[in-house]
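Below are the chains, spelled out letter by letter.
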Amino acid sequence: MSQPSIDQLGPAISALMGPRPHELLALDTAVATQRTDADVAFISREVTGTSTKHQIHPALQRVYDLLRQSPGLKWVHIHSAGADRQIYLDLKARGVQIATSSGANAQVVATVALAGLLALARRFPGLWAEQQARQWIPLLGERMPRDLLGQTATLVGWGPIGQKLGSLLQALGLHVVAVRQHAASPCQATPDAVEHVTFERLHEVLPRTDWLILACPLTDKTRQLVNAHTLAALPAGAHLINVARGEVVDEQALVSALQSGHLGGAFLDVFAHEPLPTDSPLWAMPQVMVTPHAAGHSDGNEQRVRQMFLDNLRRYTAGQSLLNVVS
């Protein structure tokens, strides 16, 4: 683990391990000395830093190389909820358990997604541009925002983020549809309940979806789930919010739907390639809000992730199944 993690967690780990022999090894030291005898690795936020899965900084690449060269590695705990970086796929393929920190930032991501929805619903991007131009243009006539009450939000993914966001949206009077792997009663709901459908029935709810919100992991099933056909099935003026993974969306199809005016706008925190290339048309679209994969960042996440690691370490030493292991 990183030296900051050792500084923060060392006493707790020692208390948890008790008389069991153990060694805490800083990643920098392990890389410098080519120590490949680790049993467990904790990849916290400061380890990945500002690298993305598409642009890996040299220091992080050296950590990844070391993990690949560690034959006795049994478990890697990562700070993110998603485990779709190639290194984790490779380690999992050889039998290493990859445990995520799913749920640590769920409240944060849910509130950011809600902020994006509210900003688009109240036309804040356009109002902000008009403020910069010192223009006073009331929201009247065709500019009049629609009431959120009674609109439908379709949430793709019903994990910790989706569930928290669903509650927030219901409190605002939206009807919530949850798209998930398994749904006991597809397309059946009481007026005050969340409607559950399977991925196979997503096409049935798209024509009445005002807000298509992506909060799902990247899997074979979700890769480019939102494509030209999906977007065309939405009603004119619908909006897309993506706090999942960029590869869930066919980005060129998204650009086309925005340029044609069929899609009313989008809040995008993730992209097919990160950082988003400077020549992407998404940067300059007035109905699009772009953020740098930052929806999950908050000053309380670090402690929540560390506690999840400690909880799993307790289970690991007791011979129990780890939580949030990627299947």
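Above this text you will find the structure in question.
Residues numbered from 1 in each chain as written. Predicted model: local features only at pLDDT ≥ 70, side-chain atom pairs only at ≥ 80, totals over all residues. Heavy atoms only, no water.

Caption draft 1: Quick peek at the environment of G162. Residue placement: G162 occurs in helix α8 (residues 160–171). C-alpha of G162 to C-alpha of C216: the two residues are 54 residues apart in sequence and 8.0 Å apart in space. If we ignore the near neighbours within four places in the chain, the residues touching G162 are L155, G157 and A215. (Helix = DSSP H or I, 4+ residues; strand = E, 2+ residues; numbered from the N terminus. Contact = heavy atoms within 4.5 Å.)

Caption draft 2: Geometry of the nonpolar core. Membership of the largest hydrophobic core comes to 34 residues, with the highest contact counts inside it found for L214, L240 and L263. Contributing elements (two or more residues each) for this core: β5 (175–180), α9 (202–205), β7 (211–214), β8 (238–242), α11 (251–260) and β9 (263–268). Among the elements that make up this core, the one with the highest residue count is α11 (five residues). Ignoring sequence-local partners within four residues, the contact set of L240 consists of L212, L214, V249, L254, L263, G265, A266, F267 and L268. Among the nonpolar cores identified, the runner-up in size contains 26 residues, and W158, W211, I213 and F267 belong to it. (Core = buried A, V, L, I, M, F, W, Y, C linked by side-chain atoms within 4.5 Å. Buried < 20%, exposed > 50% of the residue type's maximum accessible area, 1.4 Å probe, protein only.)

Caption draft 3: Summary view of α11. Listed as buried for α11 are E251, A253, L254, V255, A257 and L258. Next to the buried residues of α11 lie α10 (228–233), β8, β9 and β10 (288–290). Here α11 starts with a cap whose side-chain oxygen sits 3.2 Å from the backbone nitrogen of Q252, and that cap is D250. Trailing α11 by a residue or two, G261 shows a phi angle of about 90 degrees, which is positive. (Polar contact = N/O pair within 3.5 Å; in protein donor to acceptor, adjacent residues only side chain to side chain.)

Caption draft 4: Main features of the sheet that holds strand β6 (residues 195–198). The strand order β6-β5-β4-β7-β8-β9-β10 describes an open sheet built from seven strands, whose pairing is parallel. This sheet does not close on itself; its edge strands, each paired only once, are β6 and β10. When strand polarity is set aside, the average angle formed by the axes of neighbouring strands in this sheet is 15 degrees. The pairing of strand β4 (residues 152–156) with β5 spans five bridges and is parallel. (Pairing = 2+ DSSP bridges. Axes fitted to C-alpha atoms, helices over the stretch in contact; angles between N-to-C directions.)

Caption draft 5: Molecular detail of the packing of aromatic side chains. Taken as a whole and judged by the stated rule, the model has four aromatic pairs. Seen from their ring centres, F42 and F309 are 4.5 Å apart, and the 10 degrees between their planes marks the pair as stacked. Of the two residues, F42 sits in strand β1 (residues 40–43) while F309 sits in helix α12 (residues 301–317), which places them 267 residues apart along the sequence. Pair check on accessibility: F42 and F309 agree, each one buried. On the numbers, 5.5 Å between centres and 25 degrees between planes, the contact of W75 with F309 is stacked. Of this pair, W75 sits in strand β2 (residues 75–78) while F309 sits in helix α12, and the two are 234 residues apart along the sequence. Just as W75 is buried, F309 falls in that class too. Among the aromatic residues, ring-to-ring pairing joins F42, W75, F309 and Y316 into one connected group. (Phe/Tyr/Trp six-rings, centres within 6.5 Å; stacked < 30°, edge-to-face > 60°.)

Caption draft 6: Region of interest: the layout of surface pockets. Of the voids in this model, the second largest pocket is the one considered here, and its volume is about 560 Å³. Lining the second largest pocket are 25 residues, with E23, L24, A38, D39 and V40 sitting closest to its centre. Among the secondary structure elements, those contributing two or more residues to the lining of the second largest pocket are α1 (3–17), α2 (27–33), β1, α4 (58–68) and α12. Here the lining of the second largest pocket is composed, by residue class, of 19 nonpolar, two polar and four charged. (1 Å grid on protein atoms, 1.4 Å probe; cavity = no way out; pocket = protein on both sides within 12 Å on 5 of 7 lines; lining within 4 Å. Points joined across faces, edges and corners; volume = space filled by probe spheres on them. Nonpolar A, V, L, I, M, F, W, Y, C, P; charged D, E, K, R; others polar.)

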